[in-house]
Amino acid sequence: MGVGITNKLNILLNEWPVGEIYSTALLHKKGYSDQQIKNYLDAGWIERLGIGAYKKANDQIEWPAGLLVLQEQLKLPVHIGGKAALALLGKSQYLELGEINLILYGPKND
C-alpha cells in the first residue's frame, strides 16, 4: 500500500469507535470509495457484517450498535419494542426467564 492509502486507513481505524458498526453510506460520506472498502476487507482490516455493514477486524459488536446504524447513520425511523424494550426500561422482573428477542418497529412501507 502506498503512503496515502496507509494514512487514510490509519485515520479510519483511529477514528472508528470500538464496538461500532459503519455503513457503506457512512464510509462513502467519509470519503472512502467502494474499491478502498474492498481493499480493506481483502487485507483483513475490516469485516463485513452483512450487506452494507462493517466492523473493525476482531471487534466485538452488540445489538445496540446495529440499532444505532439504522437510526443515526441510515436515518431510519425504527425503535425497539416487545420484551427487549421492557428489559431496557428495567421491567425485566415482569418477563419470563429465557431468551429475549429483539423486535424493531417502524412505519409501514407502502
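Now for a description of the structure that goes with this document. (Residues numbered from 1 in each chain as written. Predicted model: local features only at pLDDT ≥ 70, side-chain atom pairs only at ≥ 80, totals over all residues. Heavy atoms only, no water.)

### Some points on the overall build of the protein
Helix and strand content of the protein: 5 helices and 5 strands. Secondary structure elements of the protein, listed N to C terminal, follow the sequence α-β-α-α-β-β-α-β-α-β. Sequence separation of 24 or more characterises 53% of the internal contacts of the protein that already satisfy a separation of 6 or more. With the model as given, the accessible surface of the protein reaches about 7,600 Å², and the carbon-plus-sulfur share is 55%. (Helix = DSSP H or I, 4+ residues; strand = E, 2+ residues; numbered from the N terminus. Contact = heavy atoms within 4.5 Å. Areas by Shrake-Rupley, 256 points an atom, 1.4 Å probe, with all protein chains shown as cover.)

### A closer look at helix 3 (residues 34-42)
Regarding helix 3, the residues found buried are Gln36, Ile37, Tyr40 and Leu41. Projection of helix 3 onto a plane perpendicular to its axis shows the buried side chains occupying an angular sector of 140°, all on one side. For helix 3, exposure combined with an orientation more than 90 degrees from the buried face picks out Asp34 and Asp42. Taken from the residues just after helix 3, Gly44 is the one with a positive phi, measuring 85°. (Buried < 20%, exposed > 50% of the residue type's maximum accessible area, 1.4 Å probe, protein only. Arc of directions from axis to C-beta.)

### Description of the nonpolar core
If you look at soluble globular proteins, the nonpolar side chains tend to sit buried side by side. Leu12, Leu27, Ile37, Ile46 and Tyr54 are the most contacted members of the largest nonpolar core, which totals 13 residues. Sorting the residues of this core by element identifies helix 1 (3-15), helix 2 (24-29) and helix 3 as the ones contributing at least two each. Apart from residues no more than four positions distant in its own chain, Tyr54 is found in contact with Trp16, Glu20, Ile21, Tyr22, Thr24, Leu27, Ile37, Leu41, Ile46, Glu47, Arg48 and Leu49. The next biggest cluster of nonpolar side chains, apart from the first, holds 5 residues, and it includes Leu67, Val78, Ala84 and Ala85. (Core = buried A, V, L, I, M, F, W, Y, C linked by side-chain atoms within 4.5 Å.)

### Let's talk about the side chain of Lys56
Its location among the elements puts Lys56 in strand 3 (residues 53-56). Within the buried set, Lys56 has no salt-bridge partner at all; the shortest N-O distance to an opposite charge, 4.9 Å, is to Asp59. Of the polar contacts made by the side chain of Lys56, one reaches the backbone oxygen of Trp16; its length is 2.8 Å. (Lys, Arg positive; Asp, Glu negative; His and termini not counted. Salt bridge = Lys/Arg side-chain N within 4 Å of Asp/Glu carboxyl O. Polar contact = N/O pair within 3.5 Å; in protein donor to acceptor, adjacent residues only side chain to side chain.)

### Concerning the environment of Leu68
Structurally, the position occupied by Leu68 is in helix 4 (residues 63-73). Judged by its relative accessible area of 36%, Leu68 is partly exposed. In this structure the C-alpha to C-alpha distance between Leu68 and Glu20, which are 48 residues apart in sequence, comes to 8.5 Å.

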